[in-house]
Amino acid sequence: MCPELVLCAQLRTLPVLMAAGFMPIAHTMTAPKKYLDERGFDSVLVPYRYRDMHDVRVYAEHIAAEAKSLSVERGTRINYIGFSLGGLAGLYAMKRLDMQKYVASFIAIGAPFHGAKVAIFAIPSIVWTPLGLQVSPGSPFLRQLHADPLPRGTDEAPTSYVSIVGEEDAICPPETGRLEGAKMERLHFSHLDFFYNTPIFPVMEEYL
């Protein structure tokens, strides 16, 4: 069998960890999780924590801990899906917190890898200032995060990366989702469509 087909078959059997984007109140990703569950995937959500929404690094630490826990519990590597801030925090966890040891496939959807202009409104808020400074385009945080390449795993167990961006996404337009070394998929959706728009889900599923 073609090695690529073998890898695809293996990825589909791995558990899926999903991390949501920024919200000041608790929320769920019911629709994408239901979609995967109905197709036989073992999907798990990163539990919402209010303090995660204040600092990318704090959220990344939570994500990395959940990824390690899920991987150890299931006895296998995992697939990771990060929406918006969940994609950015997930990237930090991959690059700075050794999460790449547990992740076979990294999928970001509408992630502000190069910042989001709306973040500047958070800077004077005091409550959201750390996050606003981190996610503002051109911030020192983002420059440092992109200073080194994506961790690739090993020849025997490579990590795949994809960034799915929305042509109608006003919060995180396509140019913000560019990730050097990752495959990029451009679809027609707006930022919040991920919670409801099933046409996004089959593309997401292709990379699991």
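Computed from a predicted structure; not experimentally measured. (Residues numbered from 1 in each chain as written. Predicted model: local features only at pLDDT ≥ 70, side-chain atom pairs only at ≥ 80, totals over all residues. Heavy atoms only, no water.)

1. Quick look at the nonpolar core
Ranked by internal contacts, the top residues of the largest apolar core, which has 39 residues, are M99 and F106. Sequence-distant contacts of M99, that is, excluding residues within four places in its chain, are made with I63, A64, A67, Y80, G90, A93 and M94. Counting 23 residues, the second largest nonpolar core, distinct from the first, contains F41, F195, F201 and V203. (Core = buried A, V, L, I, M, F, W, Y, C linked by side-chain atoms within 4.5 Å. Buried < 20%, exposed > 50% of the residue type's maximum accessible area, 1.4 Å probe, protein only. Contact = heavy atoms within 4.5 Å.)

2. Some remarks on the pattern of salt bridges
Applying the stated criterion across every chain yields a total of eleven salt bridges. With a shortest N-O distance of 3.9 Å, R39 and E205 are connected by a salt bridge. Remark: E205 occurs in helix 7 (residues 200–206) and R39 occurs in the loop between helix 2 (30–38) and strand 2 (43–45); sequence separation between them is 166 residues. Under the relative-accessibility criterion, R39 is labelled partly exposed at 38%. Linking D148 and K95 is a salt bridge whose minimum nitrogen-to-oxygen distance equals 3.8 Å. Of this pair, D148 sits in the loop between helix 6 (140–145) and strand 5 (160–166) while K95 sits in helix 4 (residues 85–96), placing them 53 residues apart in sequence. Classification of D148 as partly exposed rests on a relative accessible area of 31%. (Salt bridge = Lys/Arg side-chain N within 4 Å of Asp/Glu carboxyl O. Helix = DSSP H or I, 4+ residues; strand = E, 2+ residues; numbered from the N terminus.)

3. Quick word on helix 2
Inspection of helix 2 places P32, Y35 and L36 among the buried residues, and these make up the whole buried set. Each buried residue of helix 2 sits inside an arc of 90° when the element is viewed along its axis, so together they form one side. Residues of helix 2 that are exposed and angled more than 90 degrees away from the buried face: T30 and E38. Taken together, the buried residues of helix 2 touch strand 1 (16–19), strand 2, strand 3 (78–83) and helix 7. The first or second residue beyond helix 2 is G40, which carries a positive phi of 90°. (Arc of directions from axis to C-beta.)

4. A few points about the packing of aromatic side chains
A full pass over the atoms with the stated rule returns nine aromatic pairs. Ring geometry for F194 versus F201: centroids 5.9 Å apart, planes at 85°, classification edge-to-face. Overall, the relative accessible area of 0% leaves F194 in the buried class. Ring pairing ties together the aromatic residues Y35, F83, F194, F195, Y196 and F201, which thus form one cluster. The ring of Y35 carries the charged tip of R39 above its face, separated from the ring centre by 3.6 Å. (Phe/Tyr/Trp six-rings, centres within 6.5 Å; stacked < 30°, edge-to-face > 60°. Lys NZ or Arg CZ within 6 Å of the ring centre and 35° of its normal.)

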